[in-house]
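Residue-level structure breakdown
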Amino acid sequence: MLRVAVIGAGIAGLACAARLAAAGCRVDVFEKSRGTGGRLATRRDHGTGFDLGAQYFTARDPAFVAQVDAWRAAGAVARWDVQPHVIDATGRLLPSPDDTPRWVGTPSMTAIAQQLLGRQIVLCTGTRIESVSRGAHRWSLHAAEHLVFDGFDVLVVAAPAPQAAPLLVASPVLHALATGAVMESCWAVVVGYDEPSGIRLDAAFARGQPVSWLARNSGKPGRAMMPETWVLHAAPGWSEEHLEAPADAVARHLHRWFAQVVAPQAPEPAWLAAHRWRFARTGHAVVDASAYDEALQLGVCGDWCSGGRVEGAWLSGHALAARILAAQLPRNFVQ
Ligand code: FAD
Ligand code: NAI
């Protein structure tokens with residue numbers, strides 16, 4: 001049985017793991033955080049949960065559309081029928097309705113990671129892989145306190161490009177791909193009210209403002225309506241400029257903007273929280289969905305390989321699994 005180690009339990013790593021496990025591989029997934037999902041994240045604070053990273057996803061590729069249908073049938077996703085507004089550079093708020101199907105995990109984004117995990121995958125959370133090494137034919141993974149996990153035929157690195165690069169030095173081609181990928185940061189702020197805010201919109205894309213996106217988190221399907229929570233995402237330029245600013249100063253600043261432009265009548269919020277995503281978004285695909293060094297049995301996947309977005313990450317992991325399985329075929333025929 002082919003033994004595969006996957007570093008990173010975001011949607012790309014889990015999509016890859018799920019497809020490999022379904023094909024009969026033994027898959028171990030290593031994740032540095034306490035939970036799974038990566039940037040498809042639901043956080044808890046002040047007794048409630050909110051989507052701090054990905055806000056929703058769209059599905060355009062037929063394979064991902066089929067996957068979303070399956071998640072919907074399992075009750076793990078629901079359509080979010082939001083009618084967005086836009087905020088222009090002068091601060092004007094205008095309705096901007098569309099008929100784009102947008103999807104969210106239910107009751108939270110992490111439901112998707114749980115669907116992908118299934119029973120056959122061994123998950124090791126709270127384990128940051130610091131380095132990897134390859135013996136004659138097998139990979140070993142090294143974590144803190146001299147912990148070693150070894151005996152893997154194939155290694156999949158499914159971390160954001162800057163975190164993937166040091167784990168890919170064995171393959172100059174894959175290493176160069178990861179060091180060449182550009183990832184931008186994003187400050188996320190959560191605004192919590194303990195009484196209804198009275199705000200008359202549910203979500204907005206903003207242009208030429210410090211914030212590029214805002215949404216009523218508590219209005220998404222499956223979320224608790226109260227306490228009312230809003231998530232604001234800072235624009236890439238603003239986030240880069242304030243990358244090292246203290247979180248509470250960022251929260252206050254972006255809330256002040258929100259109160260002026262969107263919520264002049266709203267009560268004072270009960271609480272604010274800010275989180276910095278250092279490697280949040282990526283612009284262009286750097287390879288054709290994923291890349292695999294067959295000689296080393298080393299692969300990379302992630303949204304940075306596939307143009308960003310949840311859909312891109314899933315397609316990337318799915319494509320890498322197919323490459324790994326295809327590379328095994330000749331050997332299996334010989335046996
Ligand atoms: P990740 O989710 O980053 O997963 C990688 C995992 O690897 C992480 O869990 C990380 O902890 C782990 N890891 C890294 N290094 C190591 C190591 N050394 N050892 C062990 N584990 C490691 N997309 C949309 O489609 N719609 C949106 O509305 C949207 N909004 C977004 C808003 C924000 C603020 C952010 C940050 C992202 C948003 N995205 C959105 C993008 C989307 O979240 C990502 O494209 C997608 O989730 C990336 O998945 P991934 O598996 O490639 O990477
Ligand atoms: P989508 O089709 O809803 O949006 C794509 C883009 O089209 C939006 O960014 C927005 O600029 C524009 N748009 C869509 N509907 C609009 C409307 N009704 N009115 C005005 N403009 C509209 O979703 P898709 O393609 O799946 O993109 C995902 C979203 O995730 C994007 O908004 C993207 O910016 C966001 N994202 C954010 C990241 C971050 O770090 N904050 C990282 C990765 C993605």
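As shown above, the structure is provided for reference.
A brief look at the structure comes next. These numbers were taken from a predicted model, which means no experiment stands behind them. (Residues numbered from 1 in each chain as written. Chains lettered and ligands numbered in written order. Predicted model: local features only at pLDDT ≥ 70, side-chain atom pairs only at ≥ 80, totals over all residues. Heavy atoms only, no water.)

1. Let's talk about the sheet that holds strand E20 (residues 298-300)
Spatially, E9-E2-E1-E13-E20-E19 is the arrangement adopted by the six strands of the open sheet, whose pairing is mixed. With one partner strand each, in any of the chains shown, strand E9 (122-124) and strand E19 (291-293) form the two edges of the open sheet. Pairs of neighbouring strands in the sheet enclose a mean axial angle of 15°, with direction left out of account. Strand contacts of helix H1 (residues 11-22): strand E1 (3-7), strand E2 (26-30) and strand E13 (154-157), with the helix running at about 165° to E2, the strand carrying the most contacts. (Pairing = 2+ DSSP bridges. Helix = DSSP H or I, 4+ residues; strand = E, 2+ residues; numbered from the N terminus. Axes fitted to C-alpha atoms, helices over the stretch in contact; angles between N-to-C directions. Contact = heavy atoms within 4.5 Å.)

2. Comments concerning the pattern of salt bridges
Applying the stated rule across the entire model yields 16 salt bridges. For arginine 79, the salt bridge goes to aspartate 81, with nearest N and O atoms at 2.9 Å. By relative accessible area, arginine 79 is classed as partly exposed at 36%. A relative accessible area of 59% places aspartate 81 in the exposed class. Two residues, arginine 276 and glutamate 244, come together in a salt bridge whose shortest N-O distance is 3.4 Å. Of this pair, arginine 276 sits in strand E18 (residues 271-282) while glutamate 244 is found in the loop between helix H6 (236-241) and helix H7 (247-261), placing the two residues 32 residues apart along the sequence. (Salt bridge = Lys/Arg side-chain N within 4 Å of Asp/Glu carboxyl O. Buried < 20%, exposed > 50% of the residue type's maximum accessible area, 1.4 Å probe, protein only.)

3. A short note on the site of ligand 2
Around ligand 2, the structure places 15 residues, and the nearest of them are Tyr56, Thr58, Arg60, Ser96 and Asp98. Here an oxygen atom of ligand 2 sits 2.6 Å away from a polar atom, N or O, in the side chain of tyrosine 56. One of the side-chain nitrogen or oxygen atoms of aspartate 98 is found 2.7 Å away from a nitrogen atom of ligand 2. Relative to its unbound accessible area of 780 Å², ligand 2 is 69% covered by the protein chains. (Near = heavy atom within 4 Å. Polar contact = N/O pair within 3.5 Å; in protein donor to acceptor, adjacent residues only side chain to side chain. Areas by Shrake-Rupley, 256 points an atom, 1.4 Å probe, with all protein chains shown as cover.)

4. What to know about the sheet that holds strand E11 (residues 139-143)
On the basis of which strands lie adjacent, the open sheet formed by three strands has the order E10-E11-E12 and antiparallel pairing. The open sheet has two edge strands, strand E10 (129-134) and strand E12 (148-152), and neither has a second partner. On average, each strand axis in the sheet is inclined to that of its neighbour by 20°, with strand direction left out of account. Note that E10 and E11 share five bridges and pair antiparallel. Residue pairing across strands places serine 131 opposite histidine 142, the latter belonging to E11.

5. Describing the site of ligand 1
What surrounds ligand 1 is a group of 35 residues, the closest being Glu31, Arg39, Tyr56, Asp303 and Val310. One of the side-chain N or O atoms of glutamate 31 is found 2.6 Å from an oxygen atom in ligand 1. In this structure, an oxygen atom belonging to ligand 1 sits 2.8 Å away from a side-chain N or O atom of aspartate 303. Breaking the shell around ligand 1 down by element, the ones donating at least two residues are H1, E18 and helix H8 (309-334). Considered class by class, the residues forming the shell around ligand 1 number 18 nonpolar, eleven polar and six charged. There are two domains that each give the shell around ligand 1 at least three residues, and those are domain 1 (1-48 + 109-180 + 286-335) and domain 2 (55-108 + 182-284). (Nonpolar A, V, L, I, M, F, W, Y, C, P; charged D, E, K, R; others polar. Domains from an automatic or database assignment.)

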